[in-house]
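Report on the structure
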Amino acid sequence: MKVVYTDSLIIGGGLAGLRVAIAARQRGYDSIVLSLMPAKRSHSSAAQGGMQASLGASVKGEGDDEDVHFEDTVKGSDWGCDQDVARMFVNTAPKAIRQLAAWGVPWSRVRRGNREVVINGEKVTITEKNEAHGLITARDFGGTKKWRTCFTSDGTGHTMLYAMDNKAIELGIPVHERKEAIALIHEDGVCYGAIVRDMITGELIAYVARTTTVATGGYGRLYSVTTNAVISEGIGCAIALETGVASLGNMEAVQFHPTAIVPVGILTTEGCRGDGGLLLDKDGKRFMPDYEPEKKELASRDVVSRRMTEHIRKGKGVPSRYGDHLWLDITLLGRAHIEKNLREVKEICEYFLGIDPVKEYIPVRPTQHYSMGGIRTGATGESPTLKGLFAAGECACWDMHGFNRLGGNSVAETVVAGMIVGEYVADYCQTNPLRIDTKLIEHFMDKEKNKIRAVLKRSKGESPIALKKEMQQIMMDKVGIFRNEADLTQAVEELKDLHQRSRNIFLRNKISSSNPELVEAIRVPKMIRLAQCVAYGALLRKESRGAHAREDYPERNDRDWLKRTLAYWKDENEDLPQLEYEDLDVMKMEMPPGSRGYGADNTIHHPDTEKRMAEIEDIRKANPKADRFEMQQLLNPIELPEKFRGKNERIGRGFN
Amino acid sequence: MSEKERILKFHILRYNPQIKGDTPTMKIYEVQEAPGMTIFIALNDIREKQDPSLQFDFICRAGICGSCAMIINGQPDLACRTLTSKFPEGEIKLLPLPGFELIGDLSVNTGKFMRAMSERVESWIHDQDADNVDLDRLEERMDPDVADEIYELERCVECGCCISACATKRMREGFLGAVGLMRLARYATDPRDKRSNEDFYEIIGDDDGVFGCMTLLGCQDYCPKDLPLQIQIAYLRRKMAMVR
Ligand SMILES: Cc1cc2nc3c(=O)[nH]c(=O)nc-3n(C[C@H](O)[C@H](O)[C@H](O)COP(=O)(O)OP(=O)(O)OC[C@H]3O[C@@H](n4cnc5c(N)ncnc54)[C@H](O)[C@@H]3O)c2cc1C
Ligand code: SF4
Ligand code: SF4
Ligand code: FES
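1. Quick notes on the overall build of chain B
- Counting secondary structure elements, chain B contains 9 helices and 7 strands.
- Of all intrachain contacts in chain B linking residues separated by at least 6 positions in sequence, the fraction that spans at least 24 positions is 63%.
- Just so you have it, chain B exposes about 10600 Å², and 49% of that area is on carbon and sulfur atoms.
- Across chain B, the centroid of the 31 positively charged side chains sits 5 Å from that of the 41 negatively charged ones.

Following this line, the structure appears as structure tokens:
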């Protein structure tokens, strides 16, 4: 039995995983990162649009600060997020971006003087301040009050990930590539590492560690059409679920991005609309102002996606052999801008659609994009039920996004969570020496070996690829943008059936070393379980919140549903996850639930909301001299690692 | 896009070094073309319907991550963004990218190569103070043009096309290759990196470095990100020639 020991095991080499590894390494703990492929190819590299941090250097970001970012994030989440975590996040984001600047990200910078931009379909000249010249600039994104999304031309994620991986290489952190974690090792509520399959040789290796951090990204591939990478299959979340001890939070919260190209689902960034692009229907009419007169194309993502779907349902879509779509028009931005700041979009249009977006409209449709749910952790990133197991990034439900995340808040989360959770991982390493019985390792190793052996031996049964396709279609058709009781009930039943069938997978190619079909055989049953968590959670949540839109329950219902869904899979032989709920405490909220300001407000309020508002009013009156920092401390005291507690400086404003 | 759907013929090099006694052979697969079909779509179709053991690497399938470079009808390119309609004869020959360790079929280990390259050119900002930066304060300013210039050199996706197209690399095992020279040029342009020309000379000032390059420019012709390899290599060479 091959066993590798380390202090801090990190499953996933995207932005989040690498940043946790760096934190642990800098505190003196050995870290090993596992990845399905080279870390620099992780899906983080695909983020073109940008990273939110309230630096407020650009003139259109003036007046921005942590408080405004906090408000946008909480509103964006439809009050479904954890406000402590959102606070920790917004306060740390400016530090994260500044650190990345020191580590080599060539952030686009403010250029003093006049510059022409497109706002609301019109060319406007804005004047950047002299004293801001050379600081990190920002662009507009949906659902934000200020221009807060920092970027590097058209390749934000790429430059962030390269800087991060290069930093990891500098620190000598090993990245074990083409290694897939397929089970977690645990006993009595403590996690000790993972069973890992070498995807080239097929060998199973036990990685044993004081702490195990899952940072495996999203699970968009549960859906047949998604912007996500081919490897965004959620295996990290699944192995946490399969412990029966850790839980997954809010799996039903799945985001659809308004503008992926038709039919293949490759994303054109929100930067297109942020920079002034418009959505048009089959008549060439700009329709978003009719639905959302205030934010128009730049309403929150979930809102725009729903409005687009509504508009298509009204017969206003452009018919095509792949179904109806709408147009994204960026022609008004001009060639120079597109070739510099939206070049990746241009390349995608040229290569995959054969069109030139400088002159032609882009066919787009809302498409699965982001997984708000994931491994439930507390504010330190640790699972509340499985000690020593941490999670960070898109695979985690640290819960700063609630039911809808804002564009640019995800790459920001990966890095900020990496910084914060990384410190707590190091703390845990410091206080918890590794004590583990080899028998336990053997037990988990044998279990996985036997499973693989059984699959390879079976002489007839189900094709894993066929099962996966069925699952993806069910999710797409019945657990999509708009949801209802009848479809969801069917989806839950059909997925249950798939789950049973997945116990009987059979392979045509029977080798145990590098074998793509075996990889599917290992993953597909896990993916079906995740899909079941999503569908079942969606069926039971009888309200609409953020990206979870129930046609039969259109109102947000704080009274009954201001809570987080927790999915467990306690018994391997079960065919459905067990759902539990965790209340969000209104009386602790810095920002009690209100209206997001889209459409009519038909929220069913929580009885505590008014109470808390009155209480906040009293606190404000009682502390007339408190500045915004003191006020935040009174309303939402949070704990951050010592090194991230300082106030953030801004141009023209100092540390205020 | 033509509505008439053709039958494409894929000739694919099959070889799995993990299986004892396996030898490289070309195999032919027929696929019905669909509108907008890319090699990514076609290969998945083959794996699904004809041969589940076929190995290849795709991740972003959008021309962004650099995983899927292979030799397509004699030329290195990103397979995910290559449309089958590009080949009027309907014959498509696929070989794994040369110059890298073969994993199996069309899958090669670019990761190992690129990590070694990064370690060799020390692909990170060299600045003793980088880790003591006060994160609460305004970031160090940078001229907007300089930031853009660095980004232009950082767009490399480590796909390996340049390596596979380089005659020098074929003759000199230790030659750094365009990707490594480019990476170094990126840091040499970056004012945050405090390395001197002498420091860079230590890394690339020999025939395995910039002086080994014969400027035949296979690299530039095949770089899918159109990086200015020629200009940057020439610039490095001049700069290094001045050191000694
Ligand atoms: C097309 C696109 C554009 C986007 N644009 C933006 C944007 O502009 N702004 C923004 O804020 N967000 C954006 N996002 C979202 C954001 O990019 C992701 O949420 C974020 O990068 C996820 O990072 P991560 O570190 O959590 O995971 P990833 O970067 O996905 O990394 C996951 C890692 O886990 C590894 N892994 C997975 N499973 C296993 C396993 N079983 N064993 C071992 N290793 C495993 C993988 O190899 C990989 O290294 C975009 C997303 C997409 C799809
Ligand atoms: S120009 Fe230099 S690096 Fe590029 S292919 Fe020729 S020898 Fe190789
Ligand atoms: S320089 Fe171009 S060809 Fe070479 S690895 Fe980078 S992107 Fe690929
Ligand atoms: S799969 Fe990412 S570049 Fe081709």
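2. Here's the deal with the pairing of strand S5 (residues 91-95) of chain B
Residue and element names in this part refer to chain B.
- Because side chains alternate across S5, one face comprises the buried residues Ile 92 and Leu 94, and the other comprises Glu 91, Lys 93 and Leu 95, none of which is buried.
- Where strand S1 (residues 7-14) and S5 come together, 4 bridges link them in parallel fashion. Bridged to Phe 10 within S5 is Ile 92.

3. Brief notes about the side chain of Thr 137 of chain A
Residue and element names in this part refer to chain A.
- Looking at where Thr 137 falls in the secondary structure, it is placed in the loop between strand S5 (122-128) and strand S6 (149-150).
- Thr 137 gets classed as buried once you look at its relative accessible area, which sits at 7%.
- Excluding anything up to four places from it in sequence, Thr 137 contacts Ser 58, Ser 108, Arg 109, Val 110, Thr 149, Cys 150 and Phe 151.

4. Concerning the site of ligand 1
Residues and elements named next belong to chain A.
- Around ligand 1, the structure places 38 residues, and the nearest of them are Ser 42, Ser 44, Glu 394, Ser 410 and Val 411.
- Contacts to ligand 1 include Ser 410, whose side-chain N or O atom sits 2.6 Å from an oxygen atom.
- Val 411 is positioned such that a nitrogen or oxygen atom in its backbone is 2.7 Å from an oxygen atom of ligand 1.
- Broken down by secondary-structure element, the contributors of at least two residues to the shell around ligand 1 are helix H1 (15-26), strand S8 (179-187), strand S15 (362-371) and helix H11 (409-431).

5. Description of the sheet that holds strand S18 (residues 396-397) of chain A
All names here are of chain A.
- A sheet is described by the order of its strands in space; here 5 strands give the open sequence S18-S16-S11-S21-S22, paired in mixed fashion. Looking along the sheet, the strands with just one partner apiece sit at the ends: S18 and strand S22 (578-583).
- In this structure, strand S21 (residues 563-568) lies alongside S22, joined through 6 bridges in antiparallel fashion. Residue pairing in the sheet places Ala 567 in a bridge with Leu 579 of S22.
- Sheet strands touched by helix H15 (residues 516-540): strand S11 (248-249), S21 and S22. Its angle to S22, the strand with the most contacts, is close to 60 degrees.

6. Here we look at unusual backbone geometry
- Residue Pro 263 of chain A follows Val 262 of chain A across a cis peptide bond; omega there is 5 degrees.
- On the secondary structure map, Pro 263 of chain A appears in the loop between strand S12 (254-261) and helix H6 (271-274).
- For Glu 158 of chain B, which is not glycine, the phi dihedral falls at a positive 55 degrees.
- For Glu 158 of chain B, the position within the fold is in the loop between helix H3 (144-153) and helix H4 (161-164).
- What makes Glu 158 of chain B buried here is its relative accessible area of 5%.

7. Things to note about a nonpolar patch on the surface
- Residues Met 171, Met 214 and Leu 216 of chain B make up a contiguous nonpolar surface patch of about 340 Å² in total accessible area.
- Overall, the relative accessible area of 61% leaves Met 171 of chain B in the exposed class.

8. Some points on the interface of chain B and chain A
- Facing the 74 residues of chain B at the interface are 85 residues of chain A.
- Buried area between chain B and chain A, summed over both chains or domains, comes out near 6500 Å², and the portion from carbon and sulfur atoms is 50%.
- Residue Glu 347 of chain A is joined to Arg 81 of chain B by a salt bridge in which the shortest nitrogen-to-oxygen separation is 3.3 Å.
- The interface formed by chain B and chain A contains 47 residue pairs in polar contact (both at pLDDT 80 or more).

9. Observations concerning the site of ligand 2
- Lining the immediate environment of ligand 2, one finds Cys 166, Thr 168, Phe 175, Ala 178, Cys 213, Met 214, Thr 215, Leu 216, Leu 217, Gly 218 and Cys 219 of chain B.
- Considered class by class, the residues forming the shell around ligand 2 number 8 nonpolar, 3 polar and no charged.

10. Regarding the sheet that holds strand S2 (residues 25-32) of chain B
All names here are of chain B.
- In space, the 5 strands of this open sheet follow the order S2-S1-S5-S3-S4, with mixed pairing throughout. Strand pairing shows two members of the sheet lacking a second neighbour, S2 and strand S4 (75-78), which therefore form its edges. Sheet twist, expressed as the mean angle between neighbouring strand axes with direction ignored, is 35 degrees.
- Summarising the sheet, strand S3 (residues 69-72) and S4 pair through 4 bridges and their orientation is antiparallel. Following the sheet pairing, Met 70 is matched in S4 by Asp 77.

11. So, the confidence of the model for chain B
- Taken over all residues, the pLDDT of chain B has a mean of 94, while the share at 70 or more is 98%.
- Interface confidence for the predicted complex, given as ipTM, is 0.97, next to a pTM of 0.97.

12. Side note on the pattern of salt bridges
All names here are of chain A.
- Inspection of the entire model under this criterion finds 97 salt bridges over all chains.
- Its salt-bridge partner being Asp 356, residue Lys 359 comes within 3.7 Å of it at the nearest N-O pair.
- When its relative accessible area of 62% is taken as the criterion, Lys 359 is described as exposed.
- With its nearest N and O atoms 3.5 Å apart, the salt bridge here joins Glu 517 to Arg 508.
- Residue class for Arg 508 comes out partly exposed when judged on its relative accessible area of 41%.
- A single salt-bridge network, built from bridges that share partners, covers Asp 78, Glu 252, Asp 302, Arg 306, Arg 541, Glu 543, Arg 545, Arg 556, Asp 558 and Arg 596.

13. Some remarks on a negative patch on the surface
- Together, Glu 187, Asp 188, Asp 437, Glu 442 and Asp 446 of chain A make up a negatively charged patch on the protein surface.
- Within the secondary structure, Asp 188 of chain A sits in the loop between S8 and strand S9 (190-198).

14. Observations concerning the pairing of S3 of chain B
Residue and element names in this part refer to chain B.
- Side chains Ala 69 and Ile 71 of S3 all project onto a buried face; the interleaved residues Met 70 and Ile 72 project onto the opposite face, where all are buried too.
- Hairpin remark: S3 followed by S4, antiparallel, with 2 residues in the connecting loop; positive phi at Asn 73, about 45 degrees.
- Relative to S5, S3 is paired through 2 bridges, and the arrangement is antiparallel. Bridged to Ile 71 within S5 is Leu 95.

15. Things to note about the packing of helix H13 (residues 464-478) of chain A against H15 of chain A
Residue and element names in this part refer to chain A.
- Relative orientation of the contacting elements H13 and H15 amounts to 25 degrees, with a least axis distance of 9 Å. On the basis of the axis angle, H13 is roughly parallel to H15. For the element pair H13 and H15, the recorded crossing hand is left-handed. Contact residues: H13 offers Pro 464, Ile 465, Leu 467, Lys 468, Met 471 and Met 475, while H15 offers Glu 517, Glu 520, Ala 521, Val 524, Met 527, Ile 528, Ala 531 and Val 534.
- Of the residues that constitute the contact of H13 with H15, the class distribution is 11 nonpolar, no polar and 3 charged.

16. Focus on the packing of helix H2 (residues 110-120) of chain B against helix H6 (residues 177-189) of chain B
All names here are of chain B.
- Between H2 and H6, whose axes approach to 10 Å, the crossing angle comes to 40 degrees. With respect to H6, the element H2 is oriented oblique. Relative to H6, H2 is oriented so that their crossing is right-handed. Facing H2, whose interface residues are Phe 113, Met 114, Met 117 and Ser 118, H6 presents Val 179, Gly 180 and Arg 183.
- Taken together, the residues of the contact of H2 with H6 break down into 4 nonpolar, 2 polar and 1 charged.

Conventions and cut-offs
Residues numbered from 1 in each chain as written. Chains lettered and ligands numbered in written order. Predicted model: local features only at pLDDT ≥ 70, side-chain atom pairs only at ≥ 80, totals over all residues. Heavy atoms only, no water. Helix = DSSP H or I, 4+ residues; strand = E, 2+ residues; numbered from the N terminus. Contact = heavy atoms within 4.5 Å. Areas by Shrake-Rupley, 256 points an atom, 1.4 Å probe, with all protein chains shown as cover. Lys, Arg positive; Asp, Glu negative; His and termini not counted. Charge placed at Lys NZ, Arg CZ, Asp CG, Glu CD. Buried < 20%, exposed > 50% of the residue type's maximum accessible area, 1.4 Å probe, protein only. Pairing = 2+ DSSP bridges. Near = heavy atom within 4 Å. Polar contact = N/O pair within 3.5 Å; in protein donor to acceptor, adjacent residues only side chain to side chain. Axes fitted to C-alpha atoms, helices over the stretch in contact; angles between N-to-C directions. Patch = residues over 30% accessible without salt bridge, like charges linked within 9 Å, V, L, I, M, F, W, Y side chains within 5 Å. Salt bridge = Lys/Arg side-chain N within 4 Å of Asp/Glu carboxyl O. Buried area = accessible area lost by both parts, 1.4 Å probe. Nonpolar A, V, L, I, M, F, W, Y, C, P; charged D, E, K, R; others polar. pLDDT = per-residue confidence, 0-100. Parallel < 35°, antiparallel > 145°, perpendicular 65-115°, else oblique. Left-handed = near helix turned anticlockwise from the far one by under 90°.

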